[in-house]
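The primary structure of each chain is shown beneath.
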Amino acid sequence: MEKISIPCGFLWVLLLSLASFTAIAIDTRDAKLTKYISSCEVNPQSPEERYRACQQHCERTQLQHRPQCRQKCIDEYRKEQRKDDNPYAFEEQHFTTIKSQHGRLRILQKFLDRSKFLSGIDKYRFGFLEAEPYTFFVPAHYDADLLCIVLRGRGKVTLLRSKGSESLNLQKGDIYRIPAGTTVYLINIDKREKVEIAWLIQPISTPGEFKEFFGAGGENPKSFLKTFSPELLEAAFKVNRDRLQEWLGQREGFVVKASEEQIRALSDHAGGKGLWPSGESKRTINILRQRPIHSNKYGEIRDVKPDDLEPFQDLNVGVALANMTQGAMSTMFFNSKSTKICVVPNGEGYIQMACPHLSSSSSEESEQGHGDGGFIDQSNPGYVQVTTRLRPGIVFIAPPGHPLVMVASNNQNLEVLCFVINARNNERTPLAGGNNIWNQMEEVGLELAFNMPSEEVKSILKSQKKEWFMKGPRS
Amino acid sequence: MEKISIPCGFLWVLLLSLASFTAIAIDTRDAKLTKYISSCEVNPQSPEERYRACQQHCERTQLQHRPQCRQKCIDEYRKEQRKDDNPYAFEEQHFTTIKSQHGRLRILQKFLDRSKFLSGIDKYRFGFLEAEPYTFFVPAHYDADLLCIVLRGRGKVTLLRSKGSESLNLQKGDIYRIPAGTTVYLINIDKREKVEIAWLIQPISTPGEFKEFFGAGGENPKSFLKTFSPELLEAAFKVNRDRLQEWLGQREGFVVKASEEQIRALSDHAGGKGLWPSGESKRTINILRQRPIHSNKYGEIRDVKPDDLEPFQDLNVGVALANMTQGAMSTMFFNSKSTKICVVPNGEGYIQMACPHLSSSSSEESEQGHGDGGFIDQSNPGYVQVTTRLRPGIVFIAPPGHPLVMVASNNQNLEVLCFVINARNNERTPLAGGNNIWNQMEEVGLELAFNMPSEEVKSILKSQKKEWFMKGPRS
Amino acid sequence: MEKISIPCGFLWVLLLSLASFTAIAIDTRDAKLTKYISSCEVNPQSPEERYRACQQHCERTQLQHRPQCRQKCIDEYRKEQRKDDNPYAFEEQHFTTIKSQHGRLRILQKFLDRSKFLSGIDKYRFGFLEAEPYTFFVPAHYDADLLCIVLRGRGKVTLLRSKGSESLNLQKGDIYRIPAGTTVYLINIDKREKVEIAWLIQPISTPGEFKEFFGAGGENPKSFLKTFSPELLEAAFKVNRDRLQEWLGQREGFVVKASEEQIRALSDHAGGKGLWPSGESKRTINILRQRPIHSNKYGEIRDVKPDDLEPFQDLNVGVALANMTQGAMSTMFFNSKSTKICVVPNGEGYIQMACPHLSSSSSEESEQGHGDGGFIDQSNPGYVQVTTRLRPGIVFIAPPGHPLVMVASNNQNLEVLCFVINARNNERTPLAGGNNIWNQMEEVGLELAFNMPSEEVKSILKSQKKEWFMKGPRS
């Protein structure tokens, strides 16, 4: 394999270097490159590696050609991503990382940049916040609503609004909302464990685009205050520019170390009058404290519904947590309405899903979104099997209507935590197990549907007695 | 004409064959082809014929070039469609057909694929279900909400949810909803007449994209169950793979013949506990049983408002049915808010409509959606006359604000059935007839508006006494 | 400068003329043009001038090449616009003008045509209506909802619906709504002053696209009635075509002069039964009559909230009016949720804003919307300073979360009037002045946030005592 990949990578970069001069050359590259890439499908280089090689090359081209060159790299990368046969799973390389010395923000790429089949959730973004023990995440506001779940660690978050402030003590499983435009800061009050928080992000200004607004003075990131002209800052704060310069130049990074004393002082602090405009967050709710809605020795599932917590109501978003014991699996089921964005706080296993949209997109046509346009006779629907290995760090999407099974590994329990988009009135519909929907059909219906004596069909459908969670496959 | 068309078609295919090798050639084709096509506008070949010729040609090109070639055919087709001077009417060739031996699904192309002026309804799809006498449409669910109207025939539909099931007896004019993720099956209980049902489809996963999920075992379509690995199926159903294979391999097609006994058994069956989550379908309503809101000897119109039937409420969709007697026509009117998607269950005639958006899109610029971008001085608005022949099988769109007249032929009554998108608070505004809005204006207003003595204007506006429906034109 | 610009303009047109023949040439033009333009960034020609030169050139090319040529001009213009470092301000050249002899409509380009960062408000359009003293704006309806504010002058508007009509007397500061599909006409009842009205337009048919439907007979614009076939008009109005021709051919222009008598007759007229469907406009509200929510000697601000006026409720749009006395400025603040579309009825000054989205779009990648796609490590956020001179005629956008300061000139008061999109629960968050949010932080928080003794931080934050409005910078 190495043998193949090296010449390929080499050839490609060569092509690129030949290709940065005239538009004609660029167009040739188009075709040659596409051709080249398909002829190299076997090569071990990942699309990401190819992308990096491409970008590095661009840095060596003439300044005026760089933008075109860079754009080309991106287009190629996206073209390959589109070929991607599992657009429902995301790994490390699909995140943008904003680093600080003692913590980081990891923001998932736009869903639509990954696949047109995720356009239904493209108004959302997804991300993780991580802060080391005994640290302070400096105040910032966002042009987005944040729905947050604590995945690990203990912390305290403070929200500042013009009408008042509020502090929330956080532990694993806590769910809370940060309304758009709220200035918020966080401390990790634990001496040893880092705090990790998952964010469902709903931008309010530009769909799919949002930014961090760091106000408190400092560098890396710069405070937005420094963007204003000195004379405006002087007039606004009634302080001369030298003092302001000093004031805004001290801090380094957006997650800073805090001393045990500082942590104690901040965590003891009562925290806020808690005046809120109606329809916005007042409290937190902890999903681990919910009673399981389904439970047996193979697993259990917990739900937080949009109406269980005020801040969810206008978003119509819920949260679900499934635990499967090692060697067990969920039943085969689908969600009637919801799209789920899921993470794996702990454990290992895999999910298998039947995906009809992908099958029809195998052809260029529908990959361009023209699938069933015009009078083209569409072959009857087919379903593609999509299997995703589950482990901490993976993010996967379960679209509505798509039948799926979640399987825990044989040596570890599996924990799956999901944001449930469009949660209101969603129903999990079991396709196997004691409560599978087929059992509601009349005998004649079963006969016609399966073209088999109904007794035979029924004996198959009634064989598995367990509901929701059951013994997994041997292997 | 033939004389012209043959060399053109020939030339074109020739060009294509020359053009499948290098990117440069492909780009040349771009221009040459466009040029060619415009120079051949006179030729009798329909865009569809040209499209087929193009696709056939691609099959003969080298494998690696086929995707590009196919894409090119589609682009050319769409380009021609865009030139299309009536984007508000759809015929046979604009449907995708999913065939089974005893029935079929016909799904209309995406509205946006037809014209940017339909982007307002692009989150919807439209389609027809047809099943022959004494047949069974096998269970399936959809990642879309379906709003259904029975156009002809008698049937019985059963809806399965995890919380229960429900059966509805269907006859012409019945309106009902199938909530997303509901498993549904249908029987045609009539010995002679086929059942035909119109669907307004609202995808919930990917806007404008939806799929059929056929669960019950079989081929053509394959059951989605077959997508899962054997070991998972075994674990889920607790049945060995040979029996499962057999179980899932019997049925052929998604609309199967049923015996008289089977039909009787199914139609007699009581049908379901009818447990529903709030906000979803409980009942059906029949538009033929509504009292006409306007009626005279020339025609009548019936309405079902979003609040008349629970399942409509959250969709803000209504239904309207207009009947015009032969030789009659509707008044000239427009809808204040609604976009109507209409079919013609019976009869013949035509609709004439004044379309301002098309006039401004005559230039390339606004066809690209740049119409009034920038500082380009827009000529004052103009209106294009769009006339569509009405007959069963036609689907047409009436956008809000667009003045129109519907005319029945002289030898048949005309029936027009419409899904009313954004129906709440819509008003039909009559521009002619006894109740035309001009009659509300003060005399001086009429004087200034028409620059004519108000008496003269009033005598014109009062000449036609009939309201809503009136005698049509002679011809 | 002139020296540079002339050869550039010349070169460019030359290139274009060479470039209109084969696809290859056209592609070359692509690159050469782009290159040319970047090499000419210094030249004084405005993008608009370049655009006009380009369009004029196209008129001289062969007919068959014109569409491509024209499209190219537009693409180049848009490409330059995208480079535009302040997409939040609009001037004369960004409007489309529809002229009549005694008045005009000025419609702002689509927001998305200006910048992807305005996609959040792209479903809206914006415009101005102007009518000279003693004139009549002829009846028309629109496939859009209009939210209107009178900027100057006095008038009377009459709204016609099938269910009734209503007249509203208008003066400066009046806010009212014209529901989609309402036929409306207006008189300027003042002998000297023209009437000017700002429109927030929400198209209901095609997002971002709307049209004027002029019904009353006449030329320039033609009445849409003239679009229909003579036989249909005869049947609809029961009047022979000669009389109809005459009826529909009299008026010239859509804003016509009216005599003092006509004006008096119209303004005296009682006006309408005022029957309205629920959820639509019943009244007007005047923002000048609202009590200021904040006020001191440096300025004051008035609000109309979505729930203050029935027609606002379903749109969730409000209106805000800020007045700053000469030499004063607003505090530094941001809006938590709203996007504001603002005009300057009177006065001069400037606005300074911190814009993080622009900073990340400096690279081609994110200009294409791929900014944080994939695994590209995003540099920590930066903020671009955007300063816009304010004067009558300017339209500017204030996105949510973006910190800004408005400054009045030293010799004139500044008036800023804004439509507030997504107004419900919006909070203005002050970053400076007596009530700045930092003052809510605990001492240790301030210490860590600014990495400075909290006493020092507090003394800076408490130095400026004024709230909301304060003394501006010297210069």
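Residues numbered from 1 in each chain as written. Chains lettered and ligands numbered in written order. Predicted model: local features only at pLDDT ≥ 70, side-chain atom pairs only at ≥ 80, totals over all residues. Heavy atoms only, no water.

(A) Region of the structure containing the interface of chain A and chain C. At the junction of the two partners, chain A supplies 88 residues and chain C supplies 79 residues. Buried surface at the junction of chain A and chain C, summed over both partners, amounts to about 7300 Å²; 59% is from carbon and sulfur atoms. The largest share of the area that chain A buries against chain C comes from K211(A), F228(A) and W247(A), three residues that together contribute 10% of it. Summed over the shared surface of chain A and chain C, the number is 3 salt bridges. As a salt-bridge pair, E456(C) and R243(A) come within 3.5 Å of each other at their nearest N and O atoms. Element by element, the count of residues in the side of chain A that touches chain C is highest for helix 4 (residues 66–83) of chain A, at 7 residues. (Contact = heavy atoms within 4.5 Å. Buried area = accessible area lost by both parts, 1.4 Å probe. Salt bridge = Lys/Arg side-chain N within 4 Å of Asp/Glu carboxyl O. Helix = DSSP H or I, 4+ residues; strand = E, 2+ residues; numbered from the N terminus.)

(B) View of the relation of the copies chain C and chain B. Between chain C and chain B, which share one sequence, the superposing operator has a rotation angle of 120° and an axial displacement of 0.1 Å; the RMSD is 0.1 Å. Taken together, the rotation and translation describe the operation of a three-fold axis. Here only 2% of the interface residues in chain C have copies in chain B that are interface residues too; the copies meet through unlike faces. (Least-squares fit on C-alpha atoms with pLDDT ≥ 70 in both.)

(C) Focus on the interface of chain C and chain B. On the chain B side, the residues contacting the 88 residues of chain C number 79 residues. Seen at the junction of chain C and chain B, the total is 3 salt bridges. Our count for the contact surface shared by chain C and chain B stands at 22 residue pairs in polar contact (both at pLDDT 80 or more). If one sorts the elements of the side of chain C that touches chain B by residue count, helix 4 (residues 66–83) of chain C sits on top with 7 residues. (Polar contact = N/O pair within 3.5 Å; in protein donor to acceptor, adjacent residues only side chain to side chain.)

(D) Representation of the pattern of salt bridges. Under the definition given, this model contains 66 salt bridges over all chains. R264(B) is the salt-bridge partner of E260(B), the closest N and O atoms lying 3.6 Å from each other. With E260(B) and R264(B) both in helix 8 (residues 260–268), this residue pair falls 4 residues apart, about one helical turn. Classification of E260(B) by relative accessible area gives partly exposed; the value is 31%. Across the pair E234(C) and R241(C) runs a salt bridge, and its minimum N-O distance is 3.2 Å. Given a relative accessible area of 23%, E234(C) falls into the partly exposed group. The exposure class of R241(C) is partly exposed, given its relative accessible area of 37%. (Buried < 20%, exposed > 50% of the residue type's maximum accessible area, 1.4 Å probe, protein only.)

Nothing here speaks to function; it is all geometry.
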